[in-house]
Amino acid sequence: MSIFSDDTQPATLVLTRASSSTSVGELVSFRQTYKPSFKLTPILLQTVVTIAFGSGLMFGYNLNIANNCEKVLKTHVNESIFLQYGSYLSQSSLDRFWLVATSVLPVGAIIGCFLSNFIAHKLGRKQILLLNNAIGVLGSVVQIWSAASRYVELFILGRFITGIYCGFIATTAPVYLNEISHVAQKGYIGSTFQLSSVLGTALALFLGLPQVLGSKQYVVFLFVIPMVVAVLQSLMLHFCPESPRFLLLFKSDPFGAMTSLRAFRNCPDVSEDLAEIDNEVLQNSEDTMNQNRARRVLRFKQIICKPNLRKMLLICICLHASQNLTGMNVMVSYSESFLEKIVNKNFDSGLWNSIIYSSLIPFTVLSTLLVEHIGRRFLHISGLIGVTLGSILVTAALFDSHVEHHLVSKTLLISGLSIFMLFYALGPGTIPWLMVPELVPSSARSTVNSVATMANFALSLTLALLAAPFKQYIGNNVFFVFIVSTVAIGVFLYFVLPETKGKTSDDILIAAGERGFEVQCCCKSEWMGFSRNHLDRDNELSLHEADEQPLF
C-alpha cells in the first residue's frame, strides 16, 4: 500500500510505493486516530466562490438570458432580415427562427459535455475552466457582433458557442467542487453550484426586464456581462490550486497534490486526505497493473461492460432526468395563466418569471443547509414526492373550469404551486449536480458525469420542442404526464439510489450493489448486486484496455 512519511514531518507526506503486504486495516486504524479540521479555509472559500459563482452563476445566466427580452430580440432579428433581404419575416417564420436560435444552445451544451470527457483527465479541472472562459468570451463577442453587424446568423452561432461553454461548465465545475472538499464538506460545497445557478437565472430574468436592460437601447449589455465575468474568473483561477485528486491520480504528482491539499486545508498535515485518495488505487490491489486502474480513464464502452459502473451510470442519468421529468419548466410557463385566473388581472410574464425563479433562491439555500444533516437520498426522494403532491393539487384545481370563483380551487392551486416550487428546490433541482460526482470513482467520474449531463440537456431540449404541441393538444392535462413520469422515476430511485453522505466512492458502489436489480445487457441478464471483491475485479483494467485509444 501507499504510506506517507517524511523524516522531518512524519505526518506530512512523501508518497512511496511500499510492500503491498500491508493491510487495509492499518490504513483504517491510522484514519481513526487522525482528527482533521473541516473548517472553511480562505483558499477553499476563494476557490468555491470562483468556481460556483464564476461558473455556476454564468451557467444559469446564459441559459435564461434571452427569456425576458424575447420580444426585443425578435424585433431586432426582423429588422435585420429586412435590411439584408428587403422584406420582413412572417410571424410563423419568425417563431421558427426563434425556436432554432434557442434550441442551438442545448445542442451546443451536449457537444460541450461530449468534448469535456476527452480532455478532463489531460488538462485538469482548473485548466478546462480557463480554456472554457475563452469559449465563453468568444460566444459573447459573436452575439454582440451580430447586433452590431445585423447578421442574424451570427446570433445563432453565438448561442451555439455559448451552449458549448455551458456544457463544459456543467461537467467540470461540480466535479472540481467535489474533489477539493473534504468528505464532511461535500454537501455544503457541492450545493453551491445549483445555488449560484439559480441566482444566475434570477439575475438574467431580472436584467432582461424592459425596465432594466431588456430595452432596445441596452439589450446588448446583457451579452457583455458573461464576457466580463469570464475574464474576472480567469484572473481569479490563477490563485486557485488544481484539484489534488486529479494531480495524484492522473498526473502522478504527489508533491503537487500535497501542496494543493495544504492550501485547501490550511494545515501542514494532509496525510488523511492523501490516504483516502491513494486508497482508491490500492484497495484490494496486489500488483502494479491493478494499482494503475484508477489512474486510467474508463470510457463509455468500458463502463457499460462493468455491472457496477453500468448501474451507476443508469442511476446518474435518472438523477439528471428527474430534473426535467418533474415538469418544472412547464409548471412555470403555465403558472402565469393560473394566477391571472385567480386575481382576474393580466401579469407581465417577464416580471412573473423573475418572481418565480427568485422564490427558488431561499428554498435552494435551505437545501444547501440540510444536505449534510438529512442526506442526499432523503432530500431527493422527498423532493420528488413533494413535487408529485404539488402537481396533483394543481391538476385537481384545474378540474374546476371556474377556478377563479371558488375559494377551495384557488387554495388548491396556490398551495400546489407553492409545494411544487419548495420541493423542487429541495430535491431534484439541487441534488443531481451534487450526487453524480459522488456516486462514481475518479476513473469513471468524467465519463459518467458527461453522459448524465448530456441526457439532462437532451431531455430539456426535447421537452422544449414538445411544449407547444403539449399546450395545443393536451392543455392543462399535461401535468398527468409529468405526475406519471415523476412517480415512475421516483420509485426506481427509491430502490436503487444509495446514500452518499460521508462515504467514499468505493463505499457508495458497495451500498448501491446491495440494492440489486436485473438488467439486460450484451444479450444476457445479470444481477447487479456485488461484493467488494466483485467491485475490484470489475474496476481492474487489463493492459490492453488501459492502453487502447479513448472510446466514448
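Note that this is a predicted model, so its numbers are computed, not measured.

Student: Can you tell me about the confidence of the model for the protein, naming the residues and giving the values?
Tutor: For residues with low pLDDT, the predicted coordinates do not support detailed interpretation. Here the protein shows a mean pLDDT of 80. Residues at 70 or above account for 79%. When the criterion is pLDDT under 50, residues 1–37 qualifies, and its contacts beyond four places in sequence or with other chains add up to 63 contacts. Here residues 284–291 scores under 50 on pLDDT; set against residues more than four positions off or in separate chains, the count is 16 contacts.

Student: Quick one: what's the story with the pattern of salt bridges, residue by residue and with numbers?
Tutor: In total, this model carries eight salt bridges according to the counting rule given. We note a salt bridge from K74 to E70, for which the minimum N-O separation is 3.0 Å. In this pair, K74 and E70 both sit in helix α3 (residues 70–85), four residues apart, roughly one turn of the helix. Overall, K74 belongs to the buried group, its relative accessible area being 14%. Look at E70 and you get partly exposed, because its relative accessible area is 28%. Beyond isolated ion pairs, a larger network of salt bridges with shared partners links E70, K74 and D95.

Student: Before we move on, can you summarise the packing of helix α7 (residues 186–207) against helix α19 (residues 431–439) with the specific residues and values?
Tutor: Relative orientation of the contacting elements α7 and α19 amounts to 130°, with a least axis distance of 8 Å. Viewed along their axes, α7 and α19 adopt a mutual orientation that is oblique. For the pair α7 and α19, the crossing hand works out as right-handed. Contact residues: K186, G187, G190, S191, F193 and Q194 in α7; W433, L434 and E438 in α19.

Student: Lay out the packing of helix α6 (residues 152–180) against helix α20 (residues 442–474) with the relevant residues and their values.
Tutor: Direction vectors running N to C along α6 and α20 enclose 135°, while the axes themselves pass 10 Å from each other. It follows that α6 is oblique to α20 by the angle criterion. Every pair of crossing elements has a handedness; the one defined by α6 and α20 is right-handed. Counting all contacts with α6, which are made through G167, A170, T171, V175, N178 and E179, the residues of α20 involved are R445, N449, S450, T453 and F457. Taken together, the residues that form the contact of α6 with α20 break down as three nonpolar, six polar and two charged.

What counts and how
Residues numbered from 1 in each chain as written. Predicted model: local features only at pLDDT ≥ 70, side-chain atom pairs only at ≥ 80, totals over all residues. Heavy atoms only, no water. pLDDT = per-residue confidence, 0-100. Contact = heavy atoms within 4.5 Å. Salt bridge = Lys/Arg side-chain N within 4 Å of Asp/Glu carboxyl O. Helix = DSSP H or I, 4+ residues; strand = E, 2+ residues; numbered from the N terminus. Buried < 20%, exposed > 50% of the residue type's maximum accessible area, 1.4 Å probe, protein only. Axes fitted to C-alpha atoms, helices over the stretch in contact; angles between N-to-C directions. Parallel < 35°, antiparallel > 145°, perpendicular 65-115°, else oblique. Left-handed = near helix turned anticlockwise from the far one by under 90°. Nonpolar A, V, L, I, M, F, W, Y, C, P; charged D, E, K, R; others polar.

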